[in-house]
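# Architecture at a glance
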Amino acid sequence: MKGESILKVNNLKKYFSMGKEGIFSGKARMVKAVDGVDFSLYKGQTFGLVGESGCGKSTTGRCILKLYGITNGEILFQGKNIHSFEGKERMQYRREVQAVFQDPYGSLNPRMRIGEFIEEPMLVHGTFNSRDRKKRVAKLLGVVGLSSDHASRYPHEFSGGQRQRICIARALSLNPKLVILDEPVSALDVSIRAQILNLLMDLQEEFGLTYLFISHDLSVVEHISDFVAVMYLAKIVEMAPCDMIFKNPLHPYTNALLSAILVPDPELAQDAIILEGDAADPRGLEKGCRFRDRCFNATDECMEKEPELIEVEPNHKVACLRVAQKK
Amino acid sequence: MAKSSKLWAQIKQAPVGGLTILFLFIVVALFAKFIAPHSPIDQDITHALSPPFFLEGGTWNYLLGTDELGRDILSRIIFGARISLVVGFIAVAISGSIGVWFGLISGYFGGKVDSVIMRLVDIQLSMPYILIALALIGALGPSLRNIIIVIGITSWVTYARVARGDVLGIKENEFVDLAKIAGCSTYRILVRHIFPGVVNSQIVLGTLMFGRVIIFEAALSFLGLGVQPPTPSWGTMLADGRQYLTYAWWLATFPGFAIMLVVLGTNLVGDWLRDMLDPKQRAAVRGKR
């Protein structure tokens, strides 16, 4: 990857406590939501983070947004550990990293006018005076394709796609460097989805934004990402530039995911790889590959040894024993 | 257009009776001096225990009769409305504003803070209201101000519980996370993002509690812990009238009716507000049309 690194995640771990094992046991039960994840975001590029629900991709995003404390590891923003930020530095970080979430209905405060909602970050950070803020709100509404007289309306008057545009306008209000997009189009209709994705890509070009794009939808990720990481049960199993991962997927899980993408051609035979069973309980993973129970390639060795994420070809990292052996 | 007709549908369902009762009592309390035919404390021993006008021996001068000291019952009820409504409004305002804050803090922060506040609530709920009131009034001495304080302190728990429940639901919304990401202070998140979602149920609760507070004040006055004579209070009038019940029933009956009417009025209005402010109910109203 070329370019300037803006955010670096080193061995990030986030465990959630599920209470004590029993009344008389002092040992706390832990769920490993994110268990040792490394990646870097480069300026002006989009990093796609893919995986099924519950694999820890949103938790990773929330750790970067400092909504959760982290269990282990570090997150470096422009070389500085974000969890050491206090006071002014903390506010500076808040200004530079913004987010758009999945649920366009839960993202807007139903009792706040759209104008106030978009203005709020600027108000909190004391940027501009009241008149300039109003002007900027009108401008931002224009940027995301809404009209400036929408500012005085309440959220219930808007559709899902419009709401997501409002969220994007708010996220842009402070001129951030990095925007975490946590499934921003998953709740939208297919037709609206393309509009929002194109808007996001246009804005990226215009404002030089860096995106962390979290999604379970590979076709969407393929459309927008420069670099893709596939997560399975709290770990990254494959990471490569976008075209490489879609042309030459190596990890069996990535293969299975890709075969699930629907092709708009009924003549084309689909050899979908159907995975058996559910993802393993993340509490019971002691040893071995975490994908072994559902893998069509698993051997006895996979039961015993946990694969490392290793570079099998330039820029292409995979965590699979059998792939590593073949190379 | 659609919006205004929706609003109209809700207003059409307004409890005209309840609103009229409340409005009448408020007007009467405000203009007691001009409306009351007599002074509430002037005694007229020669006309003591005179019956209401529609009974034999009743006069038009004393419409609802007089008490054992010859004081006009109607005038005492009119002046008593002041006490009841003042106690109702102020006590609800005090307990509501204490309770909503505890509820917000308890629900938003969770964990230990939540446990401590909710255990306090449990402890208070485990003690009978009247016992706490007896102890506090015993310590502070009976007066109108102290009655308001006591009711304010004893009834905050209901508001706190309801507010906490609302907060638990609201804080899961992504707009709360977005507010944190924007850098909002905790105070701002509580006041601008969470409080507006809590306020509806607090208003409804307030109206329903208003009736209960009036009964509570009457009960305290009935026990002699409330407003002290000769100031007219509905509760005291009930207590005083009790001993004459067998041969001068109007002493206790009319203040009793007054309490019943006000409480009925507030409950009707409270029920209506609850339906109107609850989005689910509102949808049901829309569906019916």
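Residues numbered from 1 in each chain as written. Chains lettered and ligands numbered in written order. Predicted model: local features only at pLDDT ≥ 70, side-chain atom pairs only at ≥ 80, totals over all residues. Heavy atoms only, no water.

For the rest of this paragraph, the subject is the overall build of chain B. Along the backbone of chain B there are 13 helices and zero strands. Seen in sequence order, chain B has helices and strands lined up from the N terminus as α-α-α-α-α-α-α-α-α-α-α-α-α. Projected onto its principal axes, the C-alpha positions of chain B cover 75 × 55 × 30 Å. Counting only residues that meet the buried cut, chain B has 47% of its 289 residues in that class. As displayed, chain B has an accessible area near 14,000 Å², and 69% of this comes from carbon and sulfur atoms. Side-chain charges of chain B comprise 24 positive and 17 negative groups, with the mean position of each set lying 12 Å from the other. (Helix = DSSP H or I, 4+ residues; strand = E, 2+ residues; numbered from the N terminus. Buried < 20%, exposed > 50% of the residue type's maximum accessible area, 1.4 Å probe, protein only. Areas by Shrake-Rupley, 256 points an atom, 1.4 Å probe, with all protein chains shown as cover. Lys, Arg positive; Asp, Glu negative; His and termini not counted. Charge placed at Lys NZ, Arg CZ, Asp CG, Glu CD.)

Turning next to the nonpolar core. Among the nonpolar cores identified, the biggest contains 89 residues, and Leu7, Phe39, Phe47, Ile64, Ile168, Ile180 and Leu212 of chain A are the most heavily contacted of them. Setting aside its immediate chain neighbours within four residues, Leu7 of chain A contacts Phe39, Ser40, Leu41, Ile64, Ile75, Leu76, Phe77, Tyr93 and Leu178 of chain A. The next biggest cluster of nonpolar side chains, apart from the first, holds 48 residues, and it includes Ile21, Phe25, Leu64 and Ile147 of chain B. (Core = buried A, V, L, I, M, F, W, Y, C linked by side-chain atoms within 4.5 Å. Contact = heavy atoms within 4.5 Å.)

What follows covers the state of the cysteines. Disulfides are covalent bonds that link the sulfur atoms of two cysteine residues. Residue and element names in this part refer to chain A. Throughout the structure, instances matching the rule amount to zero disulfides over all chains. Of the cysteine sulfurs around Cys242, a residue in no disulfide, the closest is that of Cys55, at 17 Å. In this model Cys320 remains outside any disulfide bridge; the closest cysteine sulfur is found in Cys295, 6.0 Å from its own. (Disulfide = S-S within 2.5 Å.)

Turning our eyes to something else, we now look at the interface of chain A and chain B. Taken together, the contact pairs 26 residues of chain A with 17 residues of chain B. Summed over both partners, the interface of chain A with chain B comes to about 1,900 Å²; 54% of that surface belongs to carbon and sulfur atoms. Its salt-bridge partner being Glu116 of chain A, residue Arg192 of chain B comes within 2.5 Å of it at the nearest N-O pair. Where chain A touches chain B, the interface holds 15 residue pairs in polar contact (both at pLDDT 80 or more). Secondary-structure elements contributing two or more residues to the side of chain A that touches chain B are helix H2 (87-96), strand E6 (97-100) and helix H3 (114-125) of chain A. Taken together, the residues of the side of chain A that touches chain B break down into 13 nonpolar, six polar and seven charged. (Buried area = accessible area lost by both parts, 1.4 Å probe. Salt bridge = Lys/Arg side-chain N within 4 Å of Asp/Glu carboxyl O. Polar contact = N/O pair within 3.5 Å; in protein donor to acceptor, adjacent residues only side chain to side chain. Nonpolar A, V, L, I, M, F, W, Y, C, P; charged D, E, K, R; others polar.)

With that out of the way, let us pick up the confidence of the model for chain B. Residues and elements named next belong to chain B. The predicted model of chain B averages 83 in pLDDT, with 93% of residues at 70 or higher. Within chain B, helix H8 (residues 156-170) carries the highest mean pLDDT (92), whereas helix H13 (residues 279-288) carries the lowest (48). Predicted confidence for residues 283-289 stays below pLDDT 50, and this span has six contacts to residues more than four positions away or in other chains. (pLDDT = per-residue confidence, 0-100.)

Turning to the pattern of salt bridges, a few remarks are in order. Residues and elements named next belong to chain A. Applying the stated rule across the entire model yields 19 salt bridges over all chains. A salt bridge links Glu52 to Arg294; the shortest N-O distance between them is 3.5 Å. Of this pair, Glu52 sits in the loop between strand E3 (46-50) and helix H1 (57-64) while Arg294 sits in the loop between helix H9 (252-259) and helix H10 (300-304); the two residues are 242 residues apart in sequence, bridging distant segments of the chain. A residue is classified by how much of its surface remains accessible, and Glu52, at 23% relative accessible area, is partly exposed. In this structure, Asp217 engages Arg193 in a salt bridge whose closest nitrogen and oxygen atoms are separated by 3.3 Å. Highlighted residues: Asp217 in the loop between strand E8 (210-215) and helix H7 (218-224) and Arg193 in helix H6 (residues 190-207), separated in sequence by 24 residues. For Asp217, a relative accessible area of 18% gives the class buried. Connected via shared salt-bridge partners are Asp35, Lys235, Arg290 and Glu306.

Here the focus is the pairing of E8 of chain A. On any regular strand, side chains alternate: one points to one face of the sheet, the next to the other face. All names here are of chain A. Counting buried positions along E8 yields six of six residues, so the element is predominantly enclosed. Taken together, the five bridges between strand E7 (residues 178-182) and E8 define a ladder with parallel strand orientation. Residue pairing in the sheet places Val179 in a bridge with Tyr211 of E8. (Pairing = 2+ DSSP bridges.)

Residues and elements named next belong to chain A. Under the defined criterion, the tally for this structure stands at 17 aromatic pairs over all chains. A ring pair is formed by Phe47 and Phe227, whose centres lie 5.8 Å apart and whose planes are at 25 degrees; its orientation type is stacked. Highlighted residues: Phe47 in strand E3 and Phe227 in strand E9 (residues 227-232), separated in sequence by 180 residues. By the burial criterion, Phe47 is buried, and Phe227 matches it. An angle of 55 degrees between the planes, with centres 4.5 Å apart, marks the rings of Tyr232 and Tyr253 as tilted. Taken together, the residues span a long stretch of sequence, with Tyr232 in strand E9 and Tyr253 in helix H9 at a distance of 21 residues. The exposure classification of Tyr232 matches that of Tyr253, with both residues buried. Here a set of aromatic residues connected by ring pairs shows up, and it is made of Phe39, Phe47 and Phe227. Residue placement shows Arg62 over the ring face of Phe101; its charged tip is 4.9 Å from the ring centre. Note that Arg170 overlies the ring of Phe117, its terminal NZ or CZ placed 4.4 Å from the centroid. (Phe/Tyr/Trp six-rings, centres within 6.5 Å; stacked < 30°, edge-to-face > 60°. Lys NZ or Arg CZ within 6 Å of the ring centre and 35° of its normal.)

Looking now at the sheet that holds strand E11 (residues 310-313) of chain A. All names here are of chain A. With respect to topology, eight strands assemble into an open sheet ordered E6-E7-E8-E3-E9-E10-E12-E11, the strand pairing being mixed. Edge strands, defined here as strands with exactly one partner in the open sheet, are E6 and E11. In this sheet, adjacent strand axes meet at a mean angle of 25 degrees when their direction is disregarded. For E9 and strand E10 (residues 235-241), the ladder comprises six bridges, and the chain directions are antiparallel. Looking at the pairing, Tyr232 lines up with Lys235 of E10. (Axes fitted to C-alpha atoms, helices over the stretch in contact; angles between N-to-C directions.)

Right, let's get into the packing of helix H4 (residues 73-109) of chain B against helix H10 (residues 186-222) of chain B. Residue and element names in this part refer to chain B. Where H4 contacts H10, the two axes come as close as 7 Å, and the packing angle between them is 145 degrees. Considering how the two elements wind past one another, H4 and H10 form a crossing that is right-handed. For the contact of H4 with H10, the residue count by class is 22 nonpolar, six polar and one charged. (Left-handed = near helix turned anticlockwise from the far one by under 90°.)

Residues and elements named next belong to chain B. Structurally, the position occupied by Ala32 is in helix H3 (residues 32-35). Take Ala32: its relative accessible area is 0%, and that puts it in the buried class. Considering only alpha carbons, one finds Ala32 and Thr158, 126 residues apart in sequence, at a separation of 33 Å.

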